[in-house]
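The lines below spell out each chain.
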Amino acid sequence: MEPFCRECEKRGIELVFLDGSHGVNVDEILAAWKRNPAFAEDLDYNLEDPNIKDTIQKMNPRGWWEYNKERTLALGSGDTLDLVREALEKQRFDGVFGFSQGGALAAITAAVLERPALYPSFLRDGKPIHPPLLIDPVTTRILTPSFKTLTLHILGEKDTIVPTRGTQALVALSENCRMIKHDGASWTAFYCDFIENPSFDIPAPVAEVRKISLL
């Protein structure tokens with residue numbers, strides 16, 4: 001994140017960070033890594049290290065919601081949307097940017113700002129708290145049938161929290177989007193280019209690009 005933040009600062013892009021409203025279950029992270037050790041290796045973690053759990057816990061990993069055992073409900077999503085609402089009420093934003101689970105939250109935020117009546121806490125005196133952006137039962141209702149905000153989806157094959165099928169499901173709900181498969185390299189300049197000028201015409205760092213537009 002540090003190179004990305006430095007590049008944004010150099011370009012005059014102001015970033016506002018929100019901390020995840022929920023602590024991440026470290027045991028679940030370790031279980032996911034053990035199912036696919038390549039994830040841990042890419043992050044320079046040794047799964048045989050007896051102190052690995054303590055090491056990760058000290059980082060205080062955060063998330064936006066947790067899933068029930070059946071993975072049919074996003075527990076705590078209401079608290080997270082309240083946190084987002086508070087930030088949106090304080091100032092105006094041109095877009096939202098999220099990694100992993102935060103990418104799903106970014107899409108939900110864009111969708112609810114298009115149709116705030118679907119989630120009334122985003123209304124004040126019957127009016128939206130924030131205009132639409134330039135770029136569980138609750139989230140399902142908001143995203144159904146789709147949303148139109150121009151959206152860039154980065155498919156992270158090494159994401160230990162959101163599987164590939166989760167990203168593809170979100171892409172299917174986006175009417176005006178671009179999906180690119182991340183190859184693990186640094187994409188700082190590309191991200192900043194897109195933030196400065198949200199467009200499908202910006203060259204991607206990799207050749208595999210899929211554009212989707214149902215408009």
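For clarity, every value in this text was computed on a predicted model and none was experimentally measured.

1. Digging into unusual backbone geometry
Phi is positive for N60, close to 50°, though the residue is something other than glycine. Structurally, N60 can be placed in the loop between α4 (52–58) and β2 (62–63). For D125, which is not glycine, the phi dihedral falls at a positive 55°. Mapping D125 onto the fold places it in the loop between β5 (123–124) and β6 (127–128). Overall, the relative accessible area of 81% leaves D125 in the exposed class.

2. As for the environment of K127
Here K127 lies in strand β6. We classify K127 as exposed; its relative accessible area is 58%. In this structure the C-alpha to C-alpha distance between K127 and A117, which are 10 residues apart in sequence, comes to 9.0 Å.

3. Thoughts on the nonpolar core
In terms of nonpolar packing, the biggest core is built from 19 residues, with W65, L81, L88, L105, L113 and F122 touching the most fellow members. When contributions to this core are tallied by element, the ones reaching two or more residues are α5 (77–90) and α6 (101–114). Beyond its immediate sequence surroundings of up to four residues, L105 is in contact with W64, W65, T80, L81 and V84. Counting 14 residues, the second largest nonpolar core, distinct from the first, contains L152, F194, F200 and V206.

4. Points about α6
A turn of α-helix holds 3.6 residues, and therefore any two residues three or four places apart point the same way. With 14 residues, α6 extends 21 Å from end C-alpha to end C-alpha; this agrees with the ideal 20 Å at 1.5 Å per step. For α6, the tally of buried residues reaches 11 of 14 residues, placing the bulk of the element in the interior. If you check which residues of α6 are buried, you get Q101, G102, L105, A106, A107, I108, T109, A110, A111, V112 and L113.

5. Re the packing of α5 against α6
In contact at an axis separation of 11 Å, α5 and α6 are set at 60° when each is read in the N-to-C sense. Crossing of α5 over α6 shows right-handed handedness. Contacts between α5 and α6 pair T80, L81, V84 and L88 from the former with L105, I108, T109 and L113 from the latter. Grouping the amino acids of the contact of α5 with α6 by side-chain chemistry returns 6 nonpolar, 2 polar and no charged.

6. Some thoughts on the pairing of strand β8 (residues 176–182)
Here is the key point about a regular strand: its side chains alternate between the two faces of the sheet. Here β8 lies mainly inside the structure; 6 of its 7 residues are buried. The pairing of strand β7 (residues 151–156) with β8 spans 6 bridges and is classified as parallel. Its bridge partner lying in β8, L155 is registered against K181.

7. Regarding the packing of aromatic side chains
Using the criterion set out here, one finds 9 aromatic pairs in the structure. Consider the rings of F190 and Y191, whose centres lie 6.4 Å apart with planes at 45°: the pair is tilted. Using a relative accessible area of 5% as the deciding quantity, one classes F190 as buried. Members of the aromatic cluster, each reached through a chain of ring pairs, are F4, F97, F99, W187, F190 and Y191.

8. Observations regarding the confidence of the model for the protein
In this model, the protein carries a mean pLDDT of 79, and residues with pLDDT of at least 70 account for 80%. Segment residues 208–215 is flagged for pLDDT under 50; beyond a separation of four residues in sequence, or across chains, it makes 25 contacts in the model.

9. A short note on the pattern of salt bridges
Side chains that differ in charge, positive against negative, can pair when their charged atoms come close. Applying the stated criterion across every chain yields a total of 9 salt bridges. E7 is the partner of R11 in a salt bridge, and the nearest nitrogen-oxygen pair spans 2.8 Å. As a salt-bridge pair, R11 and E196 come within 2.9 Å of each other at their nearest N and O atoms. Because the salt bridges share partners, they merge into one network encompassing E7, K10, R11, D193 and E196.

10. Quick word on the side chain of E7
Mapped onto the fold, E7 is located in helix α1 (residues 2–10). In contact with E7, not counting residues within four places along its chain, are T188 and C192.

Thresholds, definitions, all that
- Residues numbered from 1 in each chain as written.
- Predicted model: local features only at pLDDT ≥ 70, side-chain atom pairs only at ≥ 80, totals over all residues.
- Heavy atoms only, no water.
- Helix = DSSP H or I, 4+ residues; strand = E, 2+ residues; numbered from the N terminus.
- Buried < 20%, exposed > 50% of the residue type's maximum accessible area, 1.4 Å probe, protein only.
- Core = buried A, V, L, I, M, F, W, Y, C linked by side-chain atoms within 4.5 Å.
- Contact = heavy atoms within 4.5 Å.
- Expected span 1.5 Å × (residues − 1).
- Axes fitted to C-alpha atoms, helices over the stretch in contact; angles between N-to-C directions.
- Left-handed = near helix turned anticlockwise from the far one by under 90°.
- Nonpolar A, V, L, I, M, F, W, Y, C, P; charged D, E, K, R; others polar.
- Pairing = 2+ DSSP bridges.
- Phe/Tyr/Trp six-rings, centres within 6.5 Å; stacked < 30°, edge-to-face > 60°.
- pLDDT = per-residue confidence, 0-100.
- Salt bridge = Lys/Arg side-chain N within 4 Å of Asp/Glu carboxyl O.

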